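Per-entry structural report
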Amino acid sequence: MRRIASAWLLVVAGLFLLACSRSNPTPTPTPLADPADEIRAVVTRYLDAIYHGRAGEAWLMHSRATNDGESFDEFMAVVQAAAEIGSHIEILEIDQPEIRGNEASVIVVQRLGPRVSTYMFHLVYEDGVWKIHNPRDLVPQP
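All values derive from a computational prediction rather than experimental measurement. (Residues numbered from 1 in each chain as written. Predicted model: local features only at pLDDT ≥ 70, side-chain atom pairs only at ≥ 80, totals over all residues. Heavy atoms only, no water.)

Side note on the packing of helix H2 (residues 35-51) against helix H5 (residues 72-86)
Threshold: Only the contacting stretch of a helix is used when fitting its axis, a line to C-alpha atoms as for every element, and angles between N-to-C directions run 0 to 180 degrees. The secondary structure listing takes helices from DSSP runs of H or I that are at least 4 residues long and strands from runs of E that are at least 2 residues long, numbered from the N terminus. An angle below 35 degrees is read as roughly parallel, one above 145 as roughly antiparallel, one from 65 to 115 as roughly perpendicular, and any other as oblique. Working rule for contacts: check all heavy atoms of both residues, and any pair within 4.5 Å makes them a contact. Each residue gets one of three labels, nonpolar for Ala, Val, Leu, Ile, Met, Phe, Trp, Tyr, Cys and Pro, charged for Asp, Glu, Lys and Arg, and polar for the others, Gly among them.
For the pair H2 and H5, the least separation of the axes is 7 Å and the interaxial angle reads 90°. Judged by the angle between their axes, H2 and H5 are roughly perpendicular. Residue-level inspection shows Tyr46, Ala49, Ile50 and Tyr51 of H2 in contact with H5, the latter providing Phe75, Val79, Ala82, Ala83 and Gly86. Residue composition of the contact of H2 with H5, grouped by class: eight nonpolar, one polar and no charged.

Considering unusual backbone geometry
Applicable threshold: Exposure is judged per residue with a 1.4 Å probe applied to protein chains only, and the accessible area is read against the type maximum: over 50% gives exposed, under 20% gives buried, and values in between give partly exposed.
Of note in this structure, Asp127 is not a glycine but carries a positive phi near 55°. For Asp127, a relative accessible area of 60% gives the class exposed.

Description of the packing of aromatic side chains
To keep things clear, this is the line we draw: What counts as a ring pair is set by centres within 6.5 Å for rings of Phe, Tyr and Trp (its six-membered ring), and what kind of pair is set by the plane angle: stacked under 30 degrees, edge-to-face over 60, tilted for all other angles.
Throughout the structure, instances matching the rule amount to five aromatic pairs. Between Trp59 and Phe75 the ring centres are 5.5 Å apart and the planes differ by 55°, which places this aromatic pair in the tilted class. Taken together, the residues span a long stretch of sequence, with Trp59 in helix H3 (residues 55-60) and Phe75 in helix H5 at a distance of 16 residues. An identical accessibility class is assigned to Trp59 and Phe75; each is buried. An aromatic cluster is present here, built from Trp59, Phe72 and Phe75 joined pairwise through their rings.

Structural data, given as structure tokens:
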């Protein structure tokens, strides 16, 4: 009987040690299943960064072509100006994105006081994520 109790104790101790030695795997965030949802989330995070003065975060959300030849200091000045009124801007709608392969566009409707404005955001799928794509050649020049 004593041998059985000792053997049982060894089995329980071994199982306990085995359970303690295994680390709990860190859950891996799963990407949104729908690319349209991913695009809306990127645009929402981008606008939040802009309207709260987080120029560095917004800059990192740009495609390489958008940042090429641009000045971060000039961008930061624009973001700071936007942040001054950002708390007064309400995003009314982010439409269903139009996706064409690794490019997409989406319309955003915003309100500032009584004024309602509509903006088109262009995005590209780059380095495994959707990025805001507004290179200089897409911006109308005066």
